[in-house]
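The chain contents come next:
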Amino acid sequence: MRSPGVIHADTHILVPFFDVDTMHVVWHGHYVKYLEVARCALLDKIGHNYTAMVESGYAWPVIDLQLRYVRGAVFGQTLNVRASLVEWENRLKVNYLISDLATGERLTRASTVQVAVDMSSREMQLASPKIFTDAVERMLP
């Protein structure tokens, strides 16, 4: 069973025409963009977004991405993209659920893993920087 995460952010996305193929179904690669929009909303909610990450001296590249397509999203459909923080102490793991906003039908599940990289040395960190973990822990109940 997938971890529900400890902090969530929901984002609504209206599928634009330029994201669909000739069958009016979202091209599979565009889902990664939807995940990024939701992950940015989650990081904003935590209070440590990409701008704050860079200012603290760390980049956070995605090192793993998993997607499971259940049903294709279509042109004009409004999606709810939920990003849920699962891990933060040694890496940033986020689980996602993309569903139809009107019906709640699950369309796609996904997860991403990111690690902190010291921007000056370009070395991957084995633990998340304290400035990030402190921001997460301030949000926990």
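Calculation criteria
Residues numbered from 1 in each chain as written. Predicted model: local features only at pLDDT ≥ 70, side-chain atom pairs only at ≥ 80, totals over all residues. Heavy atoms only, no water. UniProt positions renumbered as here; feature names shortened; annotations may be inferred. Helix = DSSP H or I, 4+ residues; strand = E, 2+ residues; numbered from the N terminus. Contact = heavy atoms within 4.5 Å. Phe/Tyr/Trp six-rings, centres within 6.5 Å; stacked < 30°, edge-to-face > 60°. Buried < 20%, exposed > 50% of the residue type's maximum accessible area, 1.4 Å probe, protein only. Expected span 1.5 Å × (residues − 1). Salt bridge = Lys/Arg side-chain N within 4 Å of Asp/Glu carboxyl O. Pairing = 2+ DSSP bridges. Axes fitted to C-alpha atoms, helices over the stretch in contact; angles between N-to-C directions.

Per an unreviewed UniProt entry, the protein chain goes by the name Acyl-CoA thioesterase and belongs to Pseudomonas fungipugnans. As its UniProt record puts it under Sequence similarities (unreviewed entry), the protein chain is described as follows: "Belongs to the 4-hydroxybenzoyl-CoA thioesterase family."

Along the chain, Gln114 turns up in strand E6 (residues 106–114). Leave out the neighbours within four places in its chain, and Gln114 touches Arg39, Tyr50, Trp60, Pro61, Val62, Ile63, Arg91 and Leu92.

Next up on the list: the packing of aromatic side chains. If you walk through the whole model with that rule in mind, you get four aromatic pairs. A centroid spacing of 5.9 Å and a plane angle of 65° characterise the contact between Tyr31 and Tyr34, whose relative ring orientation is edge-to-face. With Tyr31 and Tyr34 both in helix H1 (residues 30–46) and three residues apart, the pair spans about one turn of that helix. Looking at Tyr34, the relative accessible area reads 2%, which means it is buried. Seen from their ring centres, Trp60 and Phe132 are 4.9 Å apart, and the 50° between their planes marks the pair as tilted. Here the residue Trp60 occupies a position in the loop between strand E2 (58–59) and strand E3 (62–69), and Phe132 occupies one in helix H3 (residues 130–139), the gap between them amounting to 72 residues. When sorted by exposure, Trp60 lands in the same class as Phe132, which is buried.

Moving on to H1. For H1, with 17 residues, the first-to-last C-alpha span of 25 Å sits near the 24 Å given by 1.5 Å per residue. Taken together, the buried positions of H1 are occupied by His30, Tyr31, Tyr34, Leu35, Ala38, Arg39, Leu42, Leu43 and Ile46. Phi for Gly47, located one or two positions after H1, is positive at around 90°.

Moving on to the pattern of salt bridges. One pass over the structure, following the stated rule, counts six salt bridges. The shortest N-O distance in the salt bridge between Lys33 and Asp19 comes to 2.8 Å. With Lys33 in helix H1 and Asp19 in the loop between strand E1 (7–14) and H1, the pair connects residues that are 14 residues apart, well separated along the chain. Take Lys33: its relative accessible area is 34%, and that puts it in the partly exposed class.

If you walk across this open sheet you meet the five strands as E1-E4-E5-E6-E3, and the pairing is antiparallel. The sheet is open, and its two edges are formed by E1 and E3, each paired on a single side. Mean inter-strand twist for the sheet, computed between neighbouring axes without regard to direction, equals 20°. Packing of H1 onto the sheet brings it into contact with E1, E3, strand E4 (78–87), strand E5 (92–100) and E6, and relative to E1 it is tilted by some 135°.

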